[in-house]
Amino acid sequence: MKCEDVEPLMIDYLDMNLAPEKTGEIERHLETCEKCLDDLRDLKEILQLISKEEMKKPDDSMRINFYHMLHSEIKRNETGSRAAVKESHIPWYGRSIYRIAAGIALLIAGTLIGVVFYSLIARSGQMKEIAGMKSEINSLKVNSIFAMLKNESSSYRIQAVNYAEEIDAPDENIINALVETLNNDKNVNVRMTAAFALSKFTSQRSVCDSLVSSLQRQDDPILQVTLINILVGIGEKNAIKPIERIISDDNTLDEVRSVAEKGVKMLI
Amino acid sequence: MAENIPDETLMLNVKNGNLSGMAVLFERYHLRLFNFFLKMGLKREPSQDLTQNLFYRMIKYRHSYRTGSSVKSWIYQIARNLHADYCNHQKKDDNIFMQTETYPDVMADLTEAFPEDDFERLEKAFSKLTSAQKEIIVLSRYQGLKYEEISSMINQSVPAIKVAMHRAMKQLKTIFMKQY
């Protein structure tokens, strides 16, 4: 073998990807060729450096943004309202600057509208009427929620969960219905939507407890990841034990385990 | 849930409307993809944006995933497209920028005088490669893709990729060793 034959094979040689006779030929050449031996050492050094380099971690916001995006895509998909989303809408999910700008714009607009409405309504004494209408809509929603949760179609059940999520102060019955859905619905998307809906009401102690106990019974990896993310997000210490049990369970998916391990570290 | 669900099964589920499978694919791939964009020379913020967009594209174009084909290859194909698109946009911006940029790069000369660790030296050498050279080294060595997987993506034969890989590494080695 000559130098020009050996050179292109060096990477495969170092990766031990060559047949024994080729390896032998190369090694015989290296015994006599100082230049190729030097080249090989340099190449080895660089390849080792590359393999030793650790991956850099993205900001936590990336995971949060992804789950928000996924959640709204699931909603859109299941409710069938295929409001065409153009690629140009991506910045809403991805670019924090746009989000902050939009957030500020909304805040200002919201405040202005609020101020104008309040002064108008307060003066004309229609405050009560509006409040009455609001509670009527709320009770309509509540009634349809229970009916829709029993529907055969999973998209109806998802819509029901979405309604429940929009209620300002859901009562015990609604919370229980959501928990029941989270634990027992046969469709994973419905369960996941219920998890997200419940995550909005974690100011209620009972909701946190339900989420923790639900984590112990979910064996779907997607729900495990979702619940861990929610519970870690609210800093729920009671979740540490069930998460640790998931880590030590041999049946746990590797991806779930790594999320669980990260989660425990953040909780402890 | 005993065994690892293969990417292909998850993606088929996603294609059939079970979008929640994307959560598992995200956990599997987002770190690698973020580092792919970083290694291709992008800064943190655009690397995060592009990773985010990639998963969005996977959902949006889930019907174009060919059932049974490698999900990994498909993902990296999208990553390469996103990177190329980004660079094309960037080039236009750069042209405008270059016309106004007159200051010599004093800081670069200063930092060059200080000793660095091996990783930094490697990074500097790496940044001087062409985009195609970077790509093949990133895919093969940093991301650990097989030559066959790269071959199906870049549309070149495995031997041709090995030759390209050899040349890219040789170039990297030459620049890296000169820095001593």
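Just so we're clear, the structure is a prediction, and the values are computed from it rather than from any experiment. (Residues numbered from 1 in each chain as written. Chains lettered and ligands numbered in written order. Predicted model: local features only at pLDDT ≥ 70, side-chain atom pairs only at ≥ 80, totals over all residues. Heavy atoms only, no water.)

Trainee: How do you make sense of the confidence of the model for chain A when you look at a structure like this?
Mentor: For residues with low pLDDT, the predicted coordinates do not support detailed interpretation. Residues and elements named next belong to chain A. Averaged over all residues, the pLDDT of chain A equals 80, while 77% of them reach at least 70. When pLDDT is averaged over each helix and strand of chain A, the minimum, 48, is found for helix 6 (residues 91–94) and the maximum, 94, for helix 2 (residues 10–14). Low pLDDT, under 50, characterises residues 81–94; the predicted model gives this stretch 28 contacts beyond four residues in sequence or across chains. (pLDDT = per-residue confidence, 0-100. Helix = DSSP H or I, 4+ residues; strand = E, 2+ residues; numbered from the N terminus. Contact = heavy atoms within 4.5 Å.)

Trainee: What's the story with the packing of aromatic side chains in this structure? I'm lost.
Mentor: The geometry of two aromatic rings is summed up by the distance between their centres and the angle between their planes. For the coordinates displayed, the defined rule picks out nine aromatic pairs over all chains. Ring centres of F126(B) and Y142(B) lie 5.8 Å apart, and the angle between their planes is 85°; on these two criteria the pair is classed as edge-to-face. Residue F126(B) is found in helix 6 (residues 118–127), and its partner Y142(B) is found in helix 7 (residues 131–142); the two are separated by 16 residues along the sequence. An aromatic cluster of at least three residues, connected via ring pairs, comprises F66(A), Y67(A), F26(B) and F55(B). Its end group placed over the ring of Y142(B), K39(B) keeps NZ or CZ at 4.9 Å from the ring centre. In this structure, R121(B) is placed above the aromatic ring of F176(B), and the distance from its NZ or CZ to the ring centre is 4.3 Å. (Phe/Tyr/Trp six-rings, centres within 6.5 Å; stacked < 30°, edge-to-face > 60°. Lys NZ or Arg CZ within 6 Å of the ring centre and 35° of its normal.)

Trainee: Even after reading the chapter, I still don't get the packing of helix 12 (residues 205–217) of chain A against helix 13 (residues 221–233) of chain A, so can you show me in this structure?
Mentor: All names here are of chain A. Viewed as axis vectors pointing N to C, helix 12 and helix 13 meet at an angle of 145°, and their least axial separation amounts to 10 Å. Note that helix 12 runs across helix 13; the crossing there is left-handed. The segment helix 12 lies against helix 13, with C208, L211, V212, S214 and L215 engaging Q224, L227, I228, I230 and L231. (Axes fitted to C-alpha atoms, helices over the stretch in contact; angles between N-to-C directions. Left-handed = near helix turned anticlockwise from the far one by under 90°.)

Trainee: Explain the side chain of T202(A) here, please?
Mentor: All names here are of chain A. Tracing the sequence through the fold places T202 in the loop between helix 11 (188–199) and helix 12. From its side chain, T202 meets the backbone oxygen of S199 in a polar contact 3.4 Å long. Those residues within four positions of T202 in sequence are excluded, and the remaining contacts are V207, C208, L211 and I234. (Polar contact = N/O pair within 3.5 Å; in protein donor to acceptor, adjacent residues only side chain to side chain.)

Trainee: Whenever I open this one, helix 14 (residues 240–248) of chain A confuses me. Can you help?
Mentor: Given 3.6 residues to a turn, an α-helix orients residues that are three or four positions apart in the same direction. Restricting attention to buried positions, one finds in helix 14 of chain A the residues I240(A), P242(A), I243(A), I246(A) and I247(A). Elements in contact with the buried residues of helix 14 of chain A: helix 12, helix 13 and helix 15 (254–267) of chain A. (Buried < 20%, exposed > 50% of the residue type's maximum accessible area, 1.4 Å probe, protein only.)

Trainee: Can you help me understand the interface of chain B and chain A in this one?
Mentor: The figure often quoted for interface size is the accessible area lost as the parts come together. Taken residue by residue, the interface counts 55 residues in chain B and 53 residues in chain A. Of the roughly 5100 Å² buried between chain B and chain A, counting both surfaces, carbon and sulfur atoms make up 61%. Where chain B meets chain A, there are eight salt bridges. The salt bridge involving D59(A) is made with R44(B); its shortest N-O contact spans 2.7 Å. Inspection of the chain B/chain A interface yields eleven residue pairs in polar contact (both at pLDDT 80 or more). Secondary-structure elements contributing two or more residues to the side of chain B that touches chain A are helix 2 (21–39), helix 3 (44–60), helix 6, helix 7 and helix 9 (158–178) of chain B. A per-element tally of the side of chain B that touches chain A places helix 2 of chain B first, with 14 residues. Looking at the side of chain B that touches chain A, its residues break down into 26 nonpolar, twelve polar and 17 charged. (Buried area = accessible area lost by both parts, 1.4 Å probe. Salt bridge = Lys/Arg side-chain N within 4 Å of Asp/Glu carboxyl O. Nonpolar A, V, L, I, M, F, W, Y, C, P; charged D, E, K, R; others polar.)

Trainee: Which parts of the structure should I look at to understand the pattern of salt bridges?
Mentor: When charged atoms on two side chains of opposite charge get close, those side chains can pair. Applying the stated criterion across every chain yields a total of 21 salt bridges over all chains. One salt bridge in this structure joins K170(B) and E7(A), with 3.2 Å as the shortest N-O distance. Of this pair, K170(B) sits in helix 9 while E7(A) is found in the loop between helix 1 (3–6) and helix 2, placing the two residues in two different chains. Salt bridges here are not isolated pairs; linked through shared partners, they connect K35(A), D39(A) and K173(B).

Trainee: Explain helix 4 (residues 34–52) of chain A here, please?
Mentor: With 19 residues, helix 4 of chain A ought to run about 27 Å at 1.5 Å a step, and its terminal C-alpha atoms sit 27 Å apart, in line with that. For helix 4 of chain A, every residue scored as buried is listed here: C36(A), D39(A), L40(A), L43(A), I46(A), L47(A), L49(A) and I50(A). Looking at the packing, one finds that the buried side of helix 4 of chain A touches helix 1, helix 2 and helix 3 (20–32) of chain A together with helix 6, helix 7 and helix 9 of chain B. (Expected span 1.5 Å × (residues − 1).)

Trainee: So what exactly am I meant to see when it comes to unusual backbone geometry here?
Mentor: Leave glycine aside and you will find that most residues have negative phi; peptide bonds, for their part, are mostly trans. Positive phi outside glycine occurs at M16(A), with the angle close to 55°. Checked against the element boundaries, M16(A) lands in the loop between helix 2 and helix 3.

Trainee: Any chance you could explain the nonpolar core here in plain terms?
Mentor: Burial of nonpolar side chains together is a common tendency in soluble globular proteins. Within the largest apolar cluster, 116 residues are counted, with the highest numbers of intra-cluster contacts made by I243(A), M58(B), I137(B) and L172(B). Counting residues per element, this core draws most heavily on helix 2 of chain B, which supplies nine residues. Here this core spans two domains, since at least three of its residues come from each of domain 1 (1–52) and domain 2 (54–152) of chain A. (Core = buried A, V, L, I, M, F, W, Y, C linked by side-chain atoms within 4.5 Å. Domains from an automatic or database assignment.)

Trainee: It is not clear to me how the environment of E78(A) should be interpreted in this structure. Could you clarify?
Mentor: By secondary structure assignment, the location of E78(A) is in helix 5 (residues 60–79). Taking C-alpha positions, E78(A) is 9.7 Å from S153(A), a pair spaced 75 residues apart along the chain. The contact partners of E78(A), leaving out residues within four places of it in the chain, are S154(A), S155(A), I158(A), N189(A) and G17(B).

Trainee: So what exactly am I meant to see when it comes to a negative patch on the surface here?
Mentor: Residues and elements named next belong to chain A. Together, E4, D5, E21 and E25 make up a region of like negative charge exposed at the surface. Here E25 lies in helix 3. What makes E25 partly exposed here is its relative accessible area of 31%. (Patch = residues over 30% accessible without salt bridge, like charges linked within 9 Å, V, L, I, M, F, W, Y side chains within 5 Å. Areas by Shrake-Rupley, 256 points an atom, 1.4 Å probe, with all protein chains shown as cover. Lys, Arg positive; Asp, Glu negative; His and termini not counted. Charge placed at Lys NZ, Arg CZ, Asp CG, Glu CD.)

Trainee: Could you clarify how one ought to interpret the state of the cysteines in this entry?
Mentor: A disulfide bridge is the covalent bond that connects two cysteines by way of their sulfur atoms. Residues and elements named next belong to chain A. Evaluated as defined, the whole model comprises zero disulfides over all chains. C3 provides the cysteine sulfur closest to C33, a residue in no disulfide bond, and the two sulfurs are 3.7 Å apart. A relative accessible area of 12% places C33 in the buried class. Not part of a disulfide, C36 finds its nearest cysteine sulfur in C33, a span of 3.7 Å. (Disulfide = S-S within 2.5 Å.)

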